[in-house]
Each structure stands twice: as structure tokens, then as C-alpha cells.
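This is what each chain is made of:
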Amino acid sequence: MIHAGTELRVVRPTDDLAAVRRFYVDALGLPVIAEFRDHDGFDGLIVGISGAGYHLAFTRKHGWSAGRAATPENLLVFRIDDTQSWQRLTERMARFGHAPVPPHNPWWSGRGLTYEDPDGYRVVLVNAEVD
């Protein structure tokens, strides 16, 4: 049975692990938990915050194209608990060259900012004090 202490790992393929690293590690600031090279034809990057109960894993299969996100509604949503932290993170995204994109679903407007990762998947940074 799944319970509150269960760890969630979301795994997604990519065609460009280096670009994904620049977006999720360098810009968003998620720490690297693990990396692997040529494990049965796969390379990978696992990121997340220790103790947060979730990890994101990105994999690249040699000789296969993952393509781009199927829709702009493929979202990861991070609720940032205070306005100052949210502001620092959105400023950091800008310093790394990531500009917000209009959300596909207008519900996210005014709650935070939406960014598109190198594969076309969206990340919403919600200011929890506003939401």
C-alpha cells in the first residue's frame, strides 16, 4: 500500500541530458542525486532534494529519439512557500536565460510563472503566498 513516507520518482526520457542538467540543476537548483552512463544502453540523471519524498530522473537511450512533450499541459508544479524564495528562484531562472512562457491553462496565470524545459515540458513555479 502506498503511504505518506513513500518516495515518488518521476522518470522522463530526453534527447539532451546536458541541456536538461542546465535547466533542472543549474537554473532550478535541484541537487544531483545520481548519474549513470551506458547502463544497458541508457544514460541518466537523477535530481531532487534530500528528504523531499520525490526525485526526477531523466534518461537518454542510445540510438533512440525521445522527441518533445506531447502537449503544453505536461507540467511539474513546484509550490514555493514564500514570496522572497519564489522571487529569488525566478530571478535565478532569468540569469540562466530562461524566460517565462504563457501558461496553456489560464488557471496558472497570477499564481506563478511557467517555464519550458529543453524538451518542451513545462515547469510552473507557484508563489504559495499568492495561490
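Residues numbered from 1 in each chain as written. Predicted model: local features only at pLDDT ≥ 70, side-chain atom pairs only at ≥ 80, totals over all residues. Heavy atoms only, no water.

### Considerations on the pairing of strand β7 (residues 122-127)
Taken residue by residue, a regular strand's side chains alternate between the two faces of the sheet.
Point 1. Counting buried positions along β7 yields six of six residues, so the element is predominantly enclosed.
Point 2. Of the two faces of β7, the one carrying Arg-122, Val-124 and Val-126 and the one carrying Val-123, Leu-125 and Asn-127 are both buried.
Point 3. Relative to β7, strand β5 (residues 75-80) runs parallel, the two being bridged by six bridges. Considered in β7, the bridge of Phe-78 is made with Leu-125.
Point 4. Sheet topology note: the strand β6 (residues 112-116)/β7 ladder contains five bridges and is antiparallel. Note that in β7 the partner of Glu-116 across the bridge is Arg-122.
Point 5. Here β6 folds back onto β7, and the loop between the two strands holds five residues, one of which, Gly-120, carries a positive phi near 90 degrees. (Buried < 20%, exposed > 50% of the residue type's maximum accessible area, 1.4 Å probe, protein only. Helix = DSSP H or I, 4+ residues; strand = E, 2+ residues; numbered from the N terminus. Pairing = 2+ DSSP bridges.)

### Some details on the packing of helix α1 (residues 17-27) against helix α2 (residues 83-95)
Each pair of packed helices gets described by two things: the angle between the helix axes and the distance between those axes.
Point 1. Look at α1 against α2: their axes get within 10 Å of each other, and the N-to-C directions meet at 145 degrees. Crossing angle aside, the handedness with which α1 passes α2 is right-handed. Each of Phe-23, Val-25, Asp-26 and Ala-27 in α1 lies in contact with α2, whose residues at this interface are Leu-89, Arg-92 and Met-93.
Point 2. The class makeup of the residues in the contact of α1 with α2 is five nonpolar, no polar and two charged. (Axes fitted to C-alpha atoms, helices over the stretch in contact; angles between N-to-C directions. Left-handed = near helix turned anticlockwise from the far one by under 90°. Contact = heavy atoms within 4.5 Å. Nonpolar A, V, L, I, M, F, W, Y, C, P; charged D, E, K, R; others polar.)

### Overview of the sheet that holds β7
Whenever strands of a sheet pair, they do so through backbone hydrogen bonds, lying parallel or antiparallel.
Point 1. Taken in spatial order, the three strands make up an open sheet running β5-β7-β6, and their pairing is mixed. Across the chains shown, the open sheet's two edge strands, defined by having one partner strand only, are β5 and β6. Direction aside, the axes of adjacent strands within the sheet are offset by 20 degrees on average.
Point 2. Those strands touched by α2 are β5, β6 and β7, and its axis lies near 145 degrees from that of β7.

### Digging into the sheet that holds strand β1 (residues 8-13)
Point 1. An order of β1-β4-β3-β2 is seen for the four strands of this open sheet, with the pairing classed as mixed. Single-partner strands in this sheet number two, and they are β1 and β2 (32-39). Looking at each pair of strands side by side, their axes are set apart by 15 degrees on average, direction ignored.
Point 2. Looking at chain direction, strand β3 (residues 42-47) and strand β4 (residues 54-61) are connected through six bridges and run antiparallel.

### Remarks on the pairing of β2
Point 1. Both β2 and β3 contribute to a ladder of five bridges, which runs antiparallel. Along β3, the bridge assignment pairs Ala-34 with Ile-46.
Point 2. Here β2 folds back onto β3 in antiparallel fashion, the turn holding two residues, of which Asp-40 has a positive phi close to 55 degrees.

Geometry only, nothing functional implied.
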